[in-house]
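# Structural overview
The primary structure of each chain is shown beneath.
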There are 2 protein chains.
Amino acid sequence: MRLALDAMGGDLAPAAVVEGALHFAAAEPAVSVVLVGDEPRVRAHLPPRPPPNVHLHHASQVVEMAEPALAAVRSKRDASVRVCFELVRRREAEAAVTAGHSGAAMAAALAVLGRIPGVDRPALAALFPALGARGRCLLLDVGANAECRPQHLAQFAVLGAAYVSACHSVAAPRVAVLSNGEEESKGTRLTREALALLHKSDLDFRGYAEGKDLFSGAFDVLVTDGFTGNAVLKASEGVAAGLTGLLQRAVERAHLPARLGGLLLRSTLAGLWRLVDASEVGGVPLLGIPGVGIVAHGRSSPRAVASALRVARRTVEADLEGSLAGAIARSRTWLPTRAVKGSKGKTPEPI
Amino acid sequence: MRLALDAMGGDLAPAAVVEGALHFAAAEPAVSVVLVGDEPRVRAHLPPRPPPNVHLHHASQVVEMAEPALAAVRSKRDASVRVCFELVRRREAEAAVTAGHSGAAMAAALAVLGRIPGVDRPALAALFPALGARGRCLLLDVGANAECRPQHLAQFAVLGAAYVSACHSVAAPRVAVLSNGEEESKGTRLTREALALLHKSDLDFRGYAEGKDLFSGAFDVLVTDGFTGNAVLKASEGVAAGLTGLLQRAVERAHLPARLGGLLLRSTLAGLWRLVDASEVGGVPLLGIPGVGIVAHGRSSPRAVASALRVARRTVEADLEGSLAGAIARSRTWLPTRAVKGSKGKTPEPI
């Protein structure tokens, strides 16, 4: 198996990306990692004799975090993230992995690979740590599609359920639409129409859920538009970072007994930090493209990059693309889609 | 000063509400509290001789948390929350306070008091604990108006800024529109049009903010539609409750040194819990009604009820209604509003 890794993507690239690739390559000798990026800059972080399963593929351009994604991907045809997906298209890699601009990753995937037939809008997903036995909840879309129609939310439900079935071994995922209340009279026109569609589906559809249900363990998949999903994701990251930061500072500034308490609690607290630490989650796939594309957090550390590569390997092994395509095909009995010929229809503008 | 308190509102009513009223009345002998609710049920929680500044006003009906707010307020004309606002309208109380259904509070306020001239959509606000010197950020709307137009978001900005100026002594509040990215190309049609309006305003308007900025301390007021605001608020409450719960359980289950650590850290942790504890915040006003209406958290403890009464007293003293009306009047040079004759136009459906 070969994984194409965007060496230029992420706040700490290329140093952290290359270091993460080396960790992964050492642990998984049967998998090759292709570092895609500016050759001299990437090579500067490689040892004189790289391991045999680490390769370098030159790409002369980079999409910066602040750039408008779609325009950047269109104009920079040799951008590292785009070249990763070109390697997937040419079957020189089984998956593309990036910690760069997630909007650019989606735009590049769409431009190069197109969409799975029947999918109007591929989505970005985020995994939330949840209470309960399953321990996580998938939210999508979290930013690829700021404005959505009811059938898009229904497609997100099909894609999300197929993903957690295939890659997280959840047999019958419990799916709901994120809303501002549990009663079906709540929500907006968008959510009420999505509800009507999903009640006709063959999913284990549970109606509306609220923001707190991302953590309650009552659902496996929540769907929403990319505007709301992004706001919810970033607010949640903000609370988690703020609370853990406050706790750390409180412990540091406290009087001696409390400082000692913080010391004694260290391993317990470390377990908590991990829950809110991007490096443990490692990456989520772009859902709806014909191929595997994994997006890791922009602040990914070497450990997070290695973790994203492991997610990529497992996602390839789980045949995610096949699962998604099958689920979308089966949903055609109840889910209207825009007529799409082949997999490369007009690409919607990702955010 | 007289404050009308919905004795039947909240998960722990009437017991916790009456207890909170008694605490407040003992601490503030110059302020009267009118307990509005079912007389025998409320009296059961009062001492045989209530203090002279605690009064009882019978109301025969209650809006339950699960009821559709608007229909309940319309059909139950003697509902405790509605009677509170009737007392305000008849000038028998300076403020209405409830820990009940916030949608019902908004519906009752609109039905009884109407709106401040020039305000199309009164809003529900939430105060988030933020980093930095000011320590808080106001988000509105968080659920009164699931679907909004650009001028509604601009009005929320005016109302929110006037509120934090009048009641939290913030001289020039920094205002932004919640979006899915900081670049002005992001967002939806709604947010982009609100941005264009607000750039013409006389507010200290900073453009877009992201979900994490609720806690970053970079802004004093963030505006959004009530659907997104509600999802963000409930997700944030979910993360905070989840993290603090996990920490508490981790400490309880830990081996002895960590348990000891938890004990030594107790006062430090208590400070953290307070940050995420509804009882410390105490209540936020309905913004845009001609009168003071304070909504406390549904799970309010006696301490939280007493705190909400203090917020009500301070809000009356700060002449919030005058500040809001003045700010809305001044905004007419740049902010289009629906033509409203008098203060009782057609009331929009609150959620």
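For every chain, the first residue of the written sequence is number 1, and numbering continues from 1 onward in sequence order. Going through the entries in the order they are written, you letter the chains from A and number the ligands from 1. The predicted origin of the model limits local features to residues at a pLDDT of at least 70 and limits the giving and counting of side-chain atom pairs to 80 or more, whereas totals for whole chains, interfaces and linings rest on all residues. Only hydrogens and water are removed before side-chain values are computed, so all heavy atoms of the structure are retained for them.

### A look at the overall build of chain A
Note the following rule: Secondary structure counts use DSSP, requiring at least four H or I residues in a row for a helix and at least two E residues in a row for a strand, with both numbered from the N terminus. Relative accessible area decides the class of each residue, using a 1.4 Å probe on protein chains only: under 20% of the type maximum gives buried, over 50% gives exposed, and in between gives partly exposed. Two residues form a contact once any of their heavy atoms are found within 4.5 Å. Throughout, the Shrake-Rupley method with a 1.4 Å probe supplies accessible areas, and for residues the shown protein chains are the sole cover considered.
Summing up its helical and strand segments, chain A has 14 helices and eleven strands in all. Across the 351 residues of chain A, 60% fall into the buried class. For chain A, restricting intrachain contacts to residue pairs at least 6 apart in sequence, the fraction spanning at least 24 positions comes to 71%. Summed over all atoms, the accessible surface of chain A reaches about 13,700 Å², with 52% contributed by carbon and sulfur.

### Examining the packing of helix H6 (residues 150-168) of chain B against helix H7 (residues 189-199) of chain B
How two helices pack is summed up by the angle between their axes together with the distance between the axes. Residue and element names in this part refer to chain B. For the record, the criterion: Angular values range over 0 to 180 degrees, each being the angle between N-to-C directions of two axes fitted as lines to C-alpha atoms, with helices fitted over their stretch in contact. For classification purposes, angles smaller than 35 degrees are called roughly parallel, those larger than 145 roughly antiparallel, those between 65 and 115 roughly perpendicular, and all remaining angles oblique. Crossings are classed by handedness, with left-handed meaning an anticlockwise turn of the near helix from the far one by less than a right angle and right-handed meaning a clockwise turn. When residues are grouped by polarity, Ala, Val, Leu, Ile, Met, Phe, Trp, Tyr, Cys and Pro land in nonpolar, Asp, Glu, Lys and Arg in charged, and all others, Gly among them, in polar.
Interhelical geometry of H6 versus H7 gives an angle of 50° and a closest axis separation of 8 Å. Regarding the angle of H6 to H7, the classification is oblique. Both H6 and H7 take part in a crossing whose hand is right-handed. Touching Pro150, Gln151, Leu153, Ala154 and Ala157 of H6 are Leu190, Glu193, Ala194, Leu197 and Leu198, all from H7. Tallied by class, residues from the contact of H6 with H7 come to eight nonpolar, one polar and one charged.

### Description of the pattern of salt bridges
Here is the rule: We define a salt bridge as a side-chain nitrogen of Lys or Arg found within 4 Å of a carboxyl oxygen belonging to Asp or Glu.
Applying the stated criterion across every chain, the model contains 28 salt bridges over all chains. Among the charged side chains, a salt-bridge network with shared partners connects A:Glu182, A:Glu210, A:Lys212 and B:Lys234.

### Some thoughts on the sheet that holds strand E1 (residues 2-6) of chain B
All names here are of chain B. Put simply, the rule is: A pair of strands counts as paired when DSSP detects no fewer than two bridges linking them.
One open sheet holds the eleven strands; their spatial order is E3-E2-E1-E4-E11-E10-E5-E6-E9-E7-E8, and the pairing between them is mixed. The open sheet is flanked by strand E3 (54-58) and strand E8 (204-209), the only strands paired with a single partner. Strand after strand, the sheet turns through a mean of 30° between neighbouring axes, direction not considered.

### What about the packing of aromatic side chains?
Residue and element names in this part refer to chain B. What counts is decided by this rule: Here a pair means two rings of Phe, Tyr or Trp (six-membered ring of Trp) with centres within 6.5 Å. Their orientation is stacked below 30 degrees between planes, edge-to-face above 60, and tilted elsewhere.
Tallying each qualifying case throughout the model produces two aromatic pairs over all chains. Their ring planes at 75° and their centres at 5.6 Å tell us that Phe128 and Phe215 sit as a pair that is edge-to-face. Placement of Phe128 in strand E5 (residues 123-129) and of Phe215 in helix H8 (residues 213-216) is noted, with a sequence separation of 87 residues between them. A relative accessible area of 4% means that Phe128 is categorised as buried.

### Quick notes on the confidence of the model for chain A
Low-pLDDT portions of the prediction should not be read for the details of their coordinates. As a reminder, the rule being used: Confidence scores here are pLDDT values: one per residue, from the predictor, ranging 0 to 100.
This prediction gives chain A a mean pLDDT of 88; 87% of its residues lie at or above 70. We note a pTM of 0.87 for the whole complex and an ipTM of 0.85 for its interfaces.

### Observations regarding unusual backbone geometry
Note: most peptide bonds trans; most residues except glycine with negative phi. For the bond from A:Leu140 to A:Asp141, the omega torsion is 0°, close enough to zero to count as cis. Within the secondary structure layout, A:Asp141 lies in the loop between strand E6 (136-140) and helix H6 (150-168). For A:Arg91, which is not glycine, the phi dihedral falls at a positive 60°. Following the sequence through the fold, A:Arg91 ends up in the loop between helix H4 (80-89) and strand E4 (95-98). For A:Arg91, a relative accessible area of 75% gives the class exposed. Despite not being glycine, B:Ser169 has its phi angle at roughly 55°, a positive value.

### Things to note about the nonpolar core
Going by this rule: Among buried residues, those of type Ala, Val, Leu, Ile, Met, Phe, Trp, Tyr and Cys that are joined through side-chain atoms within 4.5 Å constitute a nonpolar core.
A:Phe85 and B:Phe85 are the most contacted members of the largest nonpolar core, which totals 104 residues. Sequence-distant contacts of B:Phe85, that is, excluding residues within four places in its chain, are made with B:Ala96, B:Ala105, B:Ala108, B:Ala109, B:Val112, B:Leu113, B:Leu286, B:Ile289 and B:Gly293.

### Considerations on the side chain of B:Asp38
All names here are of chain B. The condition is simple: When charges are tallied, Lys and Arg are placed among the positive residues and Asp and Glu among the negative ones, while His and the ends of the chain are skipped.
Within the secondary structure layout, Asp38 lies in the loop between strand E2 (32-37) and helix H2 (39-43). Buried charge Asp38 goes without a salt bridge, the closest partner of opposite sign being Arg41 at 4.8 Å. Residue contacts for Asp38: discarding those within four places in its chain leaves Met8, His58 and Ala59.

### A closer look at helix H13 (residues 302-317) of chain B
Condition: Helix span is expected to be 1.5 Å times the residue number reduced by one.
For H13(B), spanning 16 residues, the distance from its first C-alpha to its last is 23 Å, which sits close to the expected 22 Å at 1.5 Å a residue. Taken from the residues just after H13(B), B:Asp319 is the one with a positive phi, measuring 50°.

### Considering the packing of H4(A) against helix H5 (residues 102-113) of chain A
All names here are of chain A. With their axes 9 Å apart at the nearest point, H4 and H5 run at an angle of 35° to one another. Helix-helix and strand crossings are classified by hand; for H4 and H5 the assignment is right-handed. Residues Val81, Arg82, Phe85, Glu86, Val88 and Arg89 of H4 lie in contact with H5, whose contacting residues are Ala105, Ala108, Ala109, Ala111, Val112 and Leu113.

### Considering the state of the cysteines
Selection rule: Here, the term disulfide refers to a pair of cysteine sulfur atoms separated by no more than 2.5 Å.
Scanning all chains against the criterion turns up zero disulfides over all chains. You can see A:Cys137 has no disulfide; the closest cysteine sulfur is in A:Cys167, sitting 16 Å from it. Looking at A:Cys137, the relative accessible area reads 0%, which means it is buried. Its sulfur unpaired, B:Cys148 is 17 Å from the next cysteine sulfur, which belongs to B:Cys137.

### As for the pairing of strand E1 (residues 2-6) of chain A
Residues and elements named next belong to chain A. So the rule is basically this: For crossovers, right-handed means that the path from the first strand over the helix to the second runs clockwise, given strands pointing away from the viewer.
Among the five residues that make up E1, four are buried, leaving the element largely enclosed by the rest of the structure. Strand direction decides the pairing type here: E1 and strand E2 (residues 32-37), joined by five bridges, are parallel. In the sheet register, Ala4 faces E2, and the bridge partner there is Val34. Crossover E1 to E2 through helix H1 (residues 15-27) is right-handed. Pairing between E1 and E4: three bridges, direction parallel. Along E4, the bridge assignment pairs Leu5 with Val97.

### As for the sheet that holds strand E8 (residues 204-209) of chain A
Residues and elements named next belong to chain A. Sheet architecture is open: eleven strands sit in the order E3-E2-E1-E4-E11-E10-E5-E6-E9-E7-E8, paired in mixed fashion. Strands with a single pairing partner mark the edges of an open sheet, and in this sheet they are strand E3 (54-58) and E8. Along the sheet, successive strands turn relative to each other by an average axial angle of 30°, direction set aside.

### Considering the pairing of strand E10 (residues 284-287) of chain B
Residues and elements named next belong to chain B. Alignment of E5 against E10, held across two bridges, turns out to be antiparallel. Each residue of the ladder has a partner; that of Ala123, found in E10, is Leu287. As judged from the two bridges shared by E10 and strand E11 (residues 292-295), these two strands associate in the antiparallel manner. By the bridge assignment, Val284 is partnered in E11 with Val295. Following E10, the chain reverses through four residues before pairing antiparallel with E11; Gly288 in that reversal takes a positive phi of roughly 120°.

### Some thoughts on the environment of A:Pro117
Locating A:Pro117 in the fold gives a position in the loop between H5 and strand E5 (123-129). Along the sequence, A:Pro117 and A:Glu19 sit 98 residues apart, while their C-alpha atoms lie 37 Å from each other.

### Points about the environment of B:His199
All names here are of chain B. Applicable threshold: The term polar contact refers here to a pair of N or O atoms within 3.5 Å; inside protein, the definition further demands a hydrogen-donor-capable atom paired with an acceptor-capable atom, and it admits residues adjacent in sequence only when both atoms are side-chain atoms.
Of note, His199 is situated in helix H7. Spatially, the C-alpha atom of His199 lies 15 Å from that of His152, the residues being 47 residues apart in sequence. A distance of 3.1 Å separates polar atoms of two side chains, one belonging to His199 and the other to Glu184.

### Digging into the side chain of B:Glu210
With respect to the secondary-structure elements, B:Glu210 resides in the loop between E8 and H8. Leave out the neighbours within four places in its chain, and B:Glu210 touches A:Lys234, B:Leu178, B:Ser179, B:Asn180, B:Gly181, B:Glu182 and B:Leu222.

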